[in-house]
Amino acid sequence: MTSSVGAASAEAYAARANPRGMFTGSHMYNVKNARQRSENDVKLLQNRLERLRQEERKALKKIEETRRRADQIIQLKTRNQEVQVRKAQEEEYKERQQERARERLQSSKAGMSDAIRSNANALAAQKKQEAAILREQRVMIEEHLRQQHDQTIERNKQISSMIKDHAAEVQRQRMQQRMQHEETLQAEMENRMLEEEQRRNAANCVVSNLEQEEEDAIERLRRTQEAQRRAYEELERALINPPPPLDQRDAALGGILDSGLADECSEDD
C-alpha cells in the first residue's frame, strides 16, 4: 500500500511539472495535418489559376479572330460602298454628258465653241470637285476604320482587366475563408486543451484529497492496533497476576483504566 501511494504521488508530481506534455503528439499531428491541407490548397489554387489562364488565352484568341473577321467585313463593305459610289458617279457623269451633248446639238453653231470650252471647263471643275469628294470620303472611311480598331482594342483591354480582377477576387475570398476556418480550428483546439487541463487539475485535487484521507486512515489504524495491543497486555497481566483483594480491586481496575486513557490521550496529543 505504501509503494502504491508513492507511485501515485510521483505521477501526480510529474503531471504537475509537465502539464502539457500529454498533448505534444496530438498537437504535432494537427500541425502536420494543417500543413498538408495548406499544401493541398496551394496545389488546388495553382491548378485553378492555370485553368483560368487557359480560358483567358482561349477568350483572347476568339476575340482576335472576331476582330479580324470584323475588319475583313468592314473592308469588304467599304470596297463595295466605294464601287457603288463610283458607279453612281459614273452614271451621273454619263447622264450629264448626254445632257450636255443634247444641249450642244440644240445650240447654234456660233456658240458651239464657247459651249464646248465652257463644258470643258465645267467638266474639269466637276472632275476636281468629284476628286475632292472622293478624297474626303476616303479620309472619312479611314478615320471610321481607325476608330473601330481603337474601340476594339479598348474593349479587349477591358475584358482582360475584368477577367484578372475576377480571378483575384475569387482567390482573395478563398484565402479569407481558409484563414477563418483555420482560426476556428485553432480556437476549438485551445478550448479542448483548456478543458482537458481543467479536468486534470480536478483529478489531481481528488487524488490529493484521497491521499490525505488514506494517510489519516493509516494513522487511525495504527492507533487502534496500539490500543488493541495494550488491551491484550493488560489481559495477560490480569491472567498471570493473582487478583487483588476486594477492597483494592476497584482501585486497581481504576488505575488500569486511567493508565490506558492517559496513554491514548498522550498519543492523540
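Nothing here was measured: the structure is a model prediction, and the numbers come from that model.

Rules and cut-offs
Residues numbered from 1 in each chain as written. Predicted model: local features only at pLDDT ≥ 70, side-chain atom pairs only at ≥ 80, totals over all residues. Heavy atoms only, no water. Helix = DSSP H or I, 4+ residues; strand = E, 2+ residues; numbered from the N terminus. Areas by Shrake-Rupley, 256 points an atom, 1.4 Å probe, with all protein chains shown as cover. Salt bridge = Lys/Arg side-chain N within 4 Å of Asp/Glu carboxyl O. Buried < 20%, exposed > 50% of the residue type's maximum accessible area, 1.4 Å probe, protein only. Patch = residues over 30% accessible without salt bridge, like charges linked within 9 Å, V, L, I, M, F, W, Y side chains within 5 Å. 1 Å grid on protein atoms, 1.4 Å probe; cavity = no way out; pocket = protein on both sides within 12 Å on 5 of 7 lines; lining within 4 Å. Points joined across faces, edges and corners; volume = space filled by probe spheres on them. pLDDT = per-residue confidence, 0-100. Contact = heavy atoms within 4.5 Å. Polar contact = N/O pair within 3.5 Å; in protein donor to acceptor, adjacent residues only side chain to side chain.

Enquirer: Can you break down the overall build of the protein chain residue by residue, with the values?
Expert: Looking only at helices and strands, one finds 4 helices and 0 strands in the protein chain. Walking the protein chain from its N terminus toward its C terminus, one meets helices and strands in the order α-α-α-α. As displayed, the protein chain has an accessible area near 21700 Å², and 55% of this comes from carbon and sulfur atoms.

Enquirer: Now, about the pattern of salt bridges: what can you tell me, with residues and values included?
Expert: Where charged atoms from two side chains of opposite charge approach closely, those side chains can pair. Applying the stated criterion to the full structure yields 18 salt bridges. Between Glu64 and Arg67 there is a salt bridge, with the nearest N and O atoms lying 2.2 Å from each other. Linking Glu64 with Arg67, this pair stays in helix α2 (residues 24-106), spanning 3 residues, or about one helical turn. For Glu64, a relative accessible area of 34% translates into the label partly exposed. For Arg67, a relative accessible area of 17% corresponds to the buried category. Glu219 serves as the salt-bridge partner of Arg222, at 2.3 Å between the closest nitrogen and oxygen.

Enquirer: Give me the lowdown on a nonpolar patch on the surface, citing residues and values where you can.
Expert: Where nonpolar side chains cluster on the molecular surface, the patch consists of Tyr232, Leu235, Leu239 and Ile240 and spans about 490 Å² of accessible area. With respect to the helices, strands and loops of the structure, Tyr232 is situated in helix α3 (residues 112-240).

Enquirer: Account for the layout of surface pockets, naming residues and giving values.
Expert: Of the volumes computed, that of the second largest pocket is approximately 250 Å³. His27, Asn30, Val31, Asn33, Ala34, Arg37, Glu182, Leu185, Gln186, Glu188, Met189 and Arg192 together form the lining of the second largest pocket. Every element with two or more residues in the lining of the second largest pocket is listed here: α2 and α3.

Enquirer: Hey, could you go over the confidence of the model for the protein chain for me, with residue numbers and the actual values?
Expert: Looking at the protein chain, pLDDT values average 77 and 77% of them are 70 or higher. No element of the protein chain has a lower mean pLDDT than helix α1 (residues 2-17), which averages 43, and none a higher one than α3, which averages 84. Predicted confidence is poor over residues 1-23, with pLDDT under 50, and the contacts of this stretch with residues over four places away or in other chains come to 15 contacts.

Enquirer: Can you explain the side chain of Thr78? Please cite residues and give values.
Expert: Mapped onto the fold, Thr78 is located in helix α2. What makes Thr78 buried here is its relative accessible area of 12%. Here Ile74 takes part through its backbone oxygen, which lies 2.6 Å from a polar atom of the side chain of Thr78. Setting aside chain neighbours within four positions, we find Thr78 in contact with Ile141 and Leu145.

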